[in-house]
Amino acid sequence: MIDDVLVVGAGIIGLSVADALAREGMTVRVLEMDRVAGAASGAAAGMLAPLSEALVHEAGDPGTNPLVHLGLESLARFESLCHRLREETGIDPELVRSGLWRPVADGRERRAAQAGFDRIGPRAGAIEWCHGGDLEVALPGLARGIPGAFFSPLECHLRPPLLSRATAAALRTRGVEIEEGVAVLRLRTEGRRVVGVETHSGLRRAGRVVVAAGPWTTALLEPVLGADGLPRIEPVRGQILALQPPLPAVRGIVYGADVYCVPKRDGSWIVGATEERVGFDRRVTAEGVARLLDRARALFPSLASATFERAWAGLRPVEANRWPRVGATDVEDLFVAAGHGRNGVLLAPITAERLRDMLTGKRPPSRDALARDASA
Ligand code: GLY
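About the criteria used
- Residues numbered from 1 in each chain as written.
- Predicted model: local features only at pLDDT ≥ 70, side-chain atom pairs only at ≥ 80, totals over all residues.
- Heavy atoms only, no water.
- Helix = DSSP H or I, 4+ residues; strand = E, 2+ residues; numbered from the N terminus.
- Rg over C-alpha atoms; globule rule 2.2 N^0.38 Å.
- Areas by Shrake-Rupley, 256 points an atom, 1.4 Å probe, with all protein chains shown as cover.
- Lys, Arg positive; Asp, Glu negative; His and termini not counted.
- Charge placed at Lys NZ, Arg CZ, Asp CG, Glu CD.
- Phe/Tyr/Trp six-rings, centres within 6.5 Å; stacked < 30°, edge-to-face > 60°.
- Buried < 20%, exposed > 50% of the residue type's maximum accessible area, 1.4 Å probe, protein only.
- Near = heavy atom within 4 Å.
- Polar contact = N/O pair within 3.5 Å; in protein donor to acceptor, adjacent residues only side chain to side chain.
- Nonpolar A, V, L, I, M, F, W, Y, C, P; charged D, E, K, R; others polar.
- Expected span 1.5 Å × (residues − 1).
- Contact = heavy atoms within 4.5 Å.
- Core = buried A, V, L, I, M, F, W, Y, C linked by side-chain atoms within 4.5 Å.
- Salt bridge = Lys/Arg side-chain N within 4 Å of Asp/Glu carboxyl O.

Engineer: Help me get a handle on the overall build of the protein, residues and values and all.
Structural biologist: Summing up its helical and strand segments, the protein has 11 helices and 18 strands in all. Relative to the 2.2 N^0.38 estimate, which gives 21 Å for 376 residues, the radius of gyration of the protein is 21 Å and therefore close to what a compact globule would have. Once the C-alpha set of the protein is aligned to its principal axes, its extents read approximately 65 × 45 × 40 Å. If you sum the accessible surface of the protein, you get close to 15,300 Å²; carbon and sulfur atoms cover 50% of it. In the protein, the 47 positive side-chain charges and the 46 negative ones have mean positions that sit 1 Å from each other.

Set out below in structure tokens:
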């Protein structure tokens, strides 16, 4: 049988694209060399935090940063997405409308954060400044030297492994086959058109192929795209850990300048994350864990006596220009959806929607379905 679409990669991007296409009535097959959400999607803390990601990790003016616009647009999809997945599969992705705290170290950091929120404007929601006794109540256990924190009400979090599992379950109920443990060896083309992929267990033919293989995308595309137009996506390791804190419950993500703490429903805190260019090395290292613990303890000193639950690592797929590659390629019927860097979970719904619109003809084919000038 020839499927309408073959998706390479069962991370949250590939699964979300497959879900959007299957819901249009297309026959879809997903191939995954490892297991569902076995790489970055399984490692992520699940923050849906476009403002803080832009303010802390992106250079330039946050007021015109397209990540903010797209991230907010995608964030708005999660309430109904999680509701639908819960209804369809019984799996709850544990979306928590927690808000996010952005503690600042001093007056300079406060002014910089305020200026960033001001540039973003009303889209940021009702940002509040909190200090003194209010801060002690809101963030019990926060280090004494911290003068205050901004509260960003729109930003929130969920559990990426549950979101992935729920999306995979929804796909299976629609008859989508997800083949795990099947590595794609190469793309099969006829002339300048893709017709399927070759795997160690044979050829899979399809009308169209979407490569959503995270940092493995470039290697798969290179033989057919050559150097021109090839998305350059590299792995950036993120080590992350889970603690059971000896603290009263904190509601909301705490997003510092070099570490974030995400209190989950079960009382655990996810603490992340390193950013390391070490190729495809997915090890957890002593130094990575030590660095995260030091930074987290600088925010919450009593974390020194937290129970250490576990540590793990994922490889973020980071595109050379720090912008996801979503859209058509120079090879007919070959599409790409990869390179979402620190924001794969956040941008999954909007990525799936835009690619779906391209594959169903609602949008003209283009190499940049997320249109970088969206915020202009
Ligand atoms: N989005 C958080 C991270 O990549 O660590």
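Let us keep going from here.
Engineer: Can you explain the packing of aromatic side chains? Please cite residues and give values.
Structural biologist: Tallied over the entire structure, the rule returns 6 aromatic pairs. Consider the rings of Trp101 and Phe151, whose centres lie 4.7 Å apart with planes at 50°: the pair is tilted. Taken together, the positions of Trp101 in strand E4 (residues 100–104) and Phe151 in strand E6 (residues 148–152) put the pair 50 residues apart, joining distant regions of the chain. Of the two residues, Trp101 and Phe151, both sit in the buried class.

Engineer: A description of the site of the ligand should follow, citing residues and the corresponding values.
Structural biologist: Residues in contact with the ligand, as listed here, are Met47, Glu53, Tyr260, Ala273, Arg316 and Arg342. Within the side chain of Arg316, a nitrogen or oxygen atom sits 2.7 Å from an oxygen atom of the ligand. A distance of 2.7 Å separates a nitrogen atom of the ligand from a polar atom in the backbone of Arg342. When the ligand is considered free in solution it has 200 Å² of accessible area, and contact with the protein chains removes 86% of it. Its residues placed into classes, the shell around the ligand shows 3 nonpolar, no polar and 3 charged.

Engineer: Please provide a residue-by-residue account of helix H6 (residues 107–120), values included.
Structural biologist: Taking 1.5 Å per residue as the helical rise, H6 with its 14 residues ought to reach 20 Å, and the 20 Å between its terminal C-alpha atoms agrees with that figure. Tucked inside the fold, the buried residues of H6 contact helix H3 (50–57), helix H4 (66–75), E4 and E6. Two or three places before Arg108, at the opening of H6, Asp106 has a side-chain oxygen 3.2 Å from that residue's backbone nitrogen. Among the residues trailing H6, Gly121 stands out with phi positive, at a value near 80°.

Engineer: Can you lay out the nonpolar core for me, pointing to particular residues and giving the numbers?
Structural biologist: One broad rule of soluble globular proteins: the nonpolar side chains tend to lie buried together. Grouped together as the largest cluster of nonpolar side chains are 64 residues, with contacts concentrated most on Leu48, Val210 and Leu359. The residues touching Val210, leaving out its near neighbours within four places in the chain, are Val5, Leu6, Val7, Val8, Val17, Phe335, Ala337, Leu355 and Leu359. Of all hydrophobic cores here, the second largest spans 25 residues; its members include Ala143, Val259, Cys261 and Leu303.

Engineer: So what's going on with unusual backbone geometry? Residues and values would help.
Structural biologist: Note the cis peptide between Gly272 and Ala273, where omega equals -20°. Position of Ala273 relative to the elements: it lies in the loop between strand E15 (269–272) and helix H10 (286–299). Of note, Glu94 is a non-glycine position whose phi angle comes to about 55°, a positive value. Assessed through its relative accessible area of 22%, Glu94 is described here as partly exposed.

Engineer: Account for the pattern of salt bridges, with residues named and values stated.
Structural biologist: Across all of its chains, the model carries 36 salt bridges by this definition. For Arg77, the salt bridge identified is with Glu353, shortest N-O distance 2.7 Å. Residue Arg77 is located in the loop between H4 and helix H5 (78–89), and its partner Glu353 is located in helix H11 (residues 344–359); the two are separated by 276 residues in the primary sequence. Under the relative-accessibility criterion, Arg77 is labelled partly exposed at 23%.

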